[in-house]
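# Coordinates in review
Residue-level listing of the chains:
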Amino acid sequence: MENQIEQSQWFIITAIGGKEDSIAETIIEKIHNYGYESYVGQIRVFKTKEERVDTFEKESDQIPQNPRKTKTTTWEVLSNGKYKRTRTRVVNKFPGYIFINMVYDRDVWFAIRNTPGVLGFVGSSGKGATPIPITIEEYARVSGEGMNVTEEAGSESSTNQIPSEAPNVVEEPKIVYKTDAKVGNSVDIFEGSFAGMIGEVKKLDDVKGTATIVIDFFGRSQEVEISYNQFKISI
């Protein structure tokens with residue numbers, strides 16, 4: 001096969017949610033075994049950091065005997081004596097999706113489509129329909145290039161190092177988040193990875209200052225969490 005990779009385009013593979021990394025690794029292995037390297041460039045699973053905060057009474061049995069900061073967990077003692085635990089983890093930014101940079105070839109497409117865990121390609125309705133690539137602009141929007149939130153398939157997810165120290169005594173933050181949007185409103189997202197998209201508000205969280213918004217992600221409904229300061233009510 002002649003090297004055609006300079007003519008490659010980005011396609012989106014739909015896959016079983018929660019198994020995107022292992023499926024991507026299987027695709028990479030199959031591409032190598034079939035000798036299709038000249039047709040396939042990068043295979044990417046995009047990641048983002050997710051943070052969860054829980055507050056416990058000082059008598060709670062969920063507080064360890066010696067609470068310490070680790071790479072993924074931070075403990076703080078609040079001014080009212082309660083303990084605040086912050087957990088950080090790296091998750092798939094787009095559950096059920098794998099991005100692949102490739103030159104369309106029927107044999108290559110057939111091999112990938114028949115990989116265990118692969119459900120299909122976005123834009124392909126089945127019955128032999130050719131998948132539709134996304135544009136460079138669409139890829140740039142979802143990839144967030146330069147934001148350090150993506151990892152290539154098969155590599156370990158990166159997280160910011162959280163130093164191991166004794167818990168700090170801090171004042172409990174008193175932040176009130178407000179938005180004019182209500183559940184059911186149509187909103188325009190103007191900042192972040194989903195900037196330029198329109199969605200419908202499904203849930204509001206005034207504690208975190210975020211809204212769960214349903215967007216149309218390449219023909220498929222996707223729930224995303226957007227900060228109040230990143231969207232406005234559609235006119």
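Up top you'll find the structure we're talking about.
The present account deals with the structure reproduced in this document. Here the structure is a predicted model, which is why all the values come from computation and not from measurement.

### Some thoughts on the packing of helix 1 (residues 20-34) against helix 2 (residues 106-113)
In a pair of packed helices, the angle between the axes and the distance between the axes together describe the arrangement. Relative to each other, helix 1 and helix 2 sit at 140 degrees, their axes nearing to 10 Å. Viewed along their axes, helix 1 and helix 2 adopt a mutual orientation that is oblique. Read as a crossing pair, helix 1 and helix 2 show a hand that is right-handed. Counting all contacts with helix 1, which are made through Ile-27, Lys-30, Ile-31 and Tyr-34, the residues of helix 2 involved are Val-108, Ala-111 and Ile-112. Its residues assigned to classes, the contact of helix 1 with helix 2 shows six nonpolar, no polar and one charged.

### Quick word on helix 3 (residues 136-143)
Tyr-139, Val-142 and Ser-143 are the residues of helix 3 that are buried. Down the axis, helix 3 shows its buried residues gathered within 95 degrees of arc, on one side only. Directly beyond the C-terminal end of helix 3, a positive phi value near 60 degrees is found at Gly-144.

### Digging into unusual backbone geometry
Most peptide bonds are trans, and most residues other than glycine sit at a negative phi. Even without glycine at this site, Phe-218 takes up a positive phi of about 50 degrees. Position of Phe-218 relative to the elements: it lies in the loop between strand 11 (210-217) and strand 12 (220-227).

### Here's the deal with helix 1
With 15 residues, helix 1 extends 21 Å from end C-alpha to end C-alpha; this agrees with the ideal 21 Å at 1.5 Å per step. Taken together, the buried positions of helix 1 are occupied by Glu-20, Ile-23, Ala-24, Ile-27, Lys-30 and Ile-31. Along the axis of helix 1, the buried residues cluster in a sector spanning 120 degrees; they form a single face. Turned more than 90 degrees away from the buried face of helix 1, the exposed residues are Glu-29, His-32 and Asn-33. Contact partners of the buried residues in helix 1: strand 1 (9-15), strand 2 (40-56), strand 4 (83-92), strand 5 (97-102), helix 2 and strand 6 (118-121).

Cut-off values and rules
- Residues numbered from 1 in each chain as written.
- Predicted model: local features only at pLDDT ≥ 70, side-chain atom pairs only at ≥ 80, totals over all residues.
- Heavy atoms only, no water.
- Axes fitted to C-alpha atoms, helices over the stretch in contact; angles between N-to-C directions.
- Helix = DSSP H or I, 4+ residues; strand = E, 2+ residues; numbered from the N terminus.
- Parallel < 35°, antiparallel > 145°, perpendicular 65-115°, else oblique.
- Left-handed = near helix turned anticlockwise from the far one by under 90°.
- Contact = heavy atoms within 4.5 Å.
- Nonpolar A, V, L, I, M, F, W, Y, C, P; charged D, E, K, R; others polar.
- Buried < 20%, exposed > 50% of the residue type's maximum accessible area, 1.4 Å probe, protein only.
- Arc of directions from axis to C-beta.
- Expected span 1.5 Å × (residues − 1).

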